[in-house]
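Read off the chains here:
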Amino acid sequence: MRLRNVPGSRDVIADSPFTIKNETECRGRWKEIFGNDNPIYIEIGMGKGQFIMELARTNPDKNYVGVEKYSSVLVRALEKQEEEQLPNIYFIRMEAEYIADVFAESEVAGIYLNFSDPWPKDRHAKRRLTSVQFLERYEKILKKEGHVIFKTDNRDLFDFSLEQVEQAKNWKLLNHTFDLHNSPYVEGNIMTEYETKFVAKGNPICRMEIMQQ
């Protein structure tokens, strides 16, 4: 369960030079914000930032934006960034459903979804980050042939996600596995905080990679 109430976290986020405050004003201006033409990748639901910060650390020729709706989780990533001062990453506190208001058409090279909220009740299916509704939002911001990589330990959510890719227009399933850490796709894999815990327990991790056509 994620922390949701760290006193003062919103003030820390508001004062940090590493967070974007007026995110809708950034739409179409991300190259200007980063000060270069490097490709931009985003992680939606980044948690405490372990995954996306490792990407930024090891790929200085790429830019990253971490999106997280919980202030008390995002503030943990900011603590790490205060120490490291990585030049190629920013953070936004926002709801994922508004992602197309923050990035313009073809402004994003790739999207990472890691251990997203499964929203288990059927009436909440549209809120799942791999639903047809969210795939349509990603289409609006991804470059042609842009990829989405999704990892989860929740088999029901993963099965749902595979079905959604089949139903969605303009998407192709490139590869998938029901046991990432015993598959060829584990090479180069960066683990999130949740993934580290689940793997230690022996839980299989599902992963899929899809491409916009």
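Numbering of residues starts from 1 in each chain and follows the order in which that chain's sequence is written. Under the rules for a predicted model, residues below a pLDDT of 70 receive no local features and side-chain atom pairs below 80 are neither given nor counted, while totals for whole chains, interfaces and linings still include all residues. Side-chain figures throughout are based on the complete set of non-hydrogen atoms in the structure, without hydrogens or water.

**Q** Could you give an account of the overall build of the protein chain, naming the residues involved and the relevant values?
**A** Labels follow the DSSP assignment, with helices taken as runs of H or I lasting at least four residues and strands as runs of E lasting at least two, numbered in each case from the N terminus. Each helix and strand counted, the protein chain has 7 helices and 7 strands in total. Its helices and strands in sequence order give the protein chain the pattern α-α-β-α-β-α-β-β-α-β-α-β-α-β, from N to C terminus. For a compact globule of 213 residues, the expected C-alpha radius of gyration is about 17 Å, and the protein chain comes in at 16 Å, within 12% of that figure. Principal-axis analysis of the C-alpha atoms places the extent of the protein chain at approximately 40 × 40 × 35 Å. Burial classification: accessible surface area is computed with a 1.4 Å probe over protein chains only, and a residue below 20% of its type maximum counts as buried, one above 50% as exposed, and the rest as partly exposed. Considering the protein chain as a whole, with its 213 residues, one finds that 51% of them fall into the buried category. In this analysis, two residues are considered to be in contact whenever any of their non-hydrogen atoms come within 4.5 Å of each other. Counted over contacts in the protein chain with a minimum sequence separation of 6, partners at least 24 positions apart contribute 77%. Here the accessible surface of atoms and residues is derived via Shrake-Rupley with a 1.4 Å probe, and residues count as covered only by protein chains that are part of the display. Total accessible area on the protein chain is roughly 10,900 Å²; 46% of this is exposed by carbon and sulfur atoms. Positive charge is attributed to Lys and Arg, negative charge to Asp and Glu, and no charge count is given to His or to the chain ends. Where a charge sits is defined by one atom per residue type, namely NZ (Lys), CZ (Arg), CG (Asp) or CD (Glu). The averaged location of the 34 negative side-chain charges in the protein chain is 4 Å from the averaged location of its 30 positive side-chain charges. It is over C-alpha atoms that the radius of gyration is taken, and the globule rule equals 2.2 Å times the number of residues to the power 0.38.

**Q** If you had to explain the side chain of Thr-177 to someone new, which residues and values would you point to?
**A** Among the secondary structure elements, Thr-177 is positioned in strand β6 (residues 171–177). Here Asp-179 takes part through its backbone nitrogen, which lies 3.1 Å from a polar atom of the side chain of Thr-177. In contact with Thr-177, not counting residues within four places along its chain, are Phe-158, Ser-183, Tyr-185, Ile-205, Cys-206 and Arg-207. Throughout this description, a polar contact denotes any pair of N or O atoms lying within 3.5 Å of each other; where both atoms belong to protein, one of them has to be capable of donating a hydrogen while the other can accept it, and for residues adjacent in sequence the pair is counted only when both atoms sit in side chains.

**Q** Hey, could you go over the packing of helix α3 (residues 50–58) against helix α4 (residues 71–84) for me, with residue numbers and the actual values?
**A** One can describe the packing of α3 onto α4 by two numbers: an axis separation of 10 Å at closest approach and a directional angle of 25°. By the angle between their axes, α3 is roughly parallel relative to α4. Where α3 crosses over α4, the two elements pack in a sense that is right-handed. Contact residues: α3 offers Gln-50, Met-53 and Arg-57, while α4 offers Ala-77, Lys-80, Gln-81 and Glu-84. For the contact of α3 with α4, the class distribution of residues is 2 nonpolar, 2 polar and 3 charged. Here an axis means a line fitted to C-alpha atoms, over the contact stretch when the element is a helix, while the angle between two N-to-C directions is reported on a 0 to 180 degree scale. With respect to orientation, any angle under 35 degrees is reported as roughly parallel, any angle over 145 as roughly antiparallel, any angle of 65 to 115 as roughly perpendicular, and every other angle as oblique. Crossing handedness follows the turn of the near helix against the far one: under a right angle anticlockwise gives a left-handed crossing, and clockwise gives a right-handed one. In this classification, the charged set is Asp, Glu, Lys and Arg, the nonpolar set is Ala, Val, Leu, Ile, Met, Phe, Trp, Tyr, Cys and Pro, and all remaining amino acids, among them Gly, are polar.

**Q** Explain the packing of aromatic side chains to me, using residue names and the numbers behind them.
**A** Each Phe, Tyr or Trp ring, with Trp reduced to its six-membered ring, pairs with another whose centre is within 6.5 Å; inter-plane angles below 30 degrees give stacked pairs, above 60 give edge-to-face pairs, and intermediate values give tilted ones. For the structure on display, the rule yields 11 aromatic pairs. Arranged with centres 6.1 Å apart and planes meeting at 10°, the rings of Tyr-194 and Phe-198 form a pair that is stacked. In this pair, Tyr-194 and Phe-198 are both assigned in helix α7 (residues 193–200), 4 residues apart and thus about one turn of the helix distant. Overall, the relative accessible area of 26% leaves Tyr-194 in the partly exposed class. Through a chain of ring-to-ring contacts, three or more aromatic side chains come together here, namely Trp-30, Phe-34, Tyr-90 and Phe-103. Working rule: Lys NZ or Arg CZ, within 6 Å of ring centre, within 35 degrees of ring normal, means a charge sits over the ring. Over the ring of Phe-134 we find Arg-137, and its NZ or CZ is 4.4 Å from the ring centre. The aromatic ring of Phe-178 is capped on one face by Arg-155, whose charged end is 3.8 Å from the ring centroid.

**Q** Can you explain the sheet that holds strand β7 (residues 206–212)? Please cite residues and give values.
**A** Spatially, β3-β2-β1-β4-β5-β7-β6 is the arrangement adopted by the 7 strands of the open sheet, whose pairing is mixed. Since the sheet does not close on itself, it has two edges, and those belong to β3 (89–93) and β6, each with one partner. Across this sheet, the average inter-strand angle for adjacent strands is 15°, counted without regard to direction. Strands are treated as partners if at least two bridges between them are detected by DSSP. Of the pairings in the sheet, the one linking strand β1 (residues 40–44) to strand β2 (residues 63–68) comprises 5 bridges and is parallel in character. Within β2, the position partnered with Ile-42 by the bridge is Val-65. Set on the sheet, helix α5 (residues 132–141) makes contact with β1, β4 (108–114), β5 (142–152), β6 and β7; between it and β5 the angle comes to about 140°.

**Q** Tell me about α5, and name the residues and values.
**A** For α5, the set of buried residues is Val-132, Phe-134, Leu-135, Tyr-138, Glu-139 and Ile-141. Tucked inside the fold, the buried residues of α5 contact β1, β4, β5, α6 (155–167), β6 and β7.

**Q** For the pairing of β4, give the residues involved together with the corresponding values.
**A** For β4, the tally of buried residues reaches 7 of 7 residues, placing the bulk of the element in the interior. In the sheet, β4 pairs with β5 via 6 bridges, with the strands oriented parallel. Each residue of the ladder has a partner; that of Leu-113, found in β5, is Phe-150. With respect to chirality, the unit in which β4 leads through α5 into the neighbouring parallel β5 is right-handed. Call a crossover right-handed when, viewed with both strands pointing away from you, the route from the first strand across the helix to the second goes clockwise.

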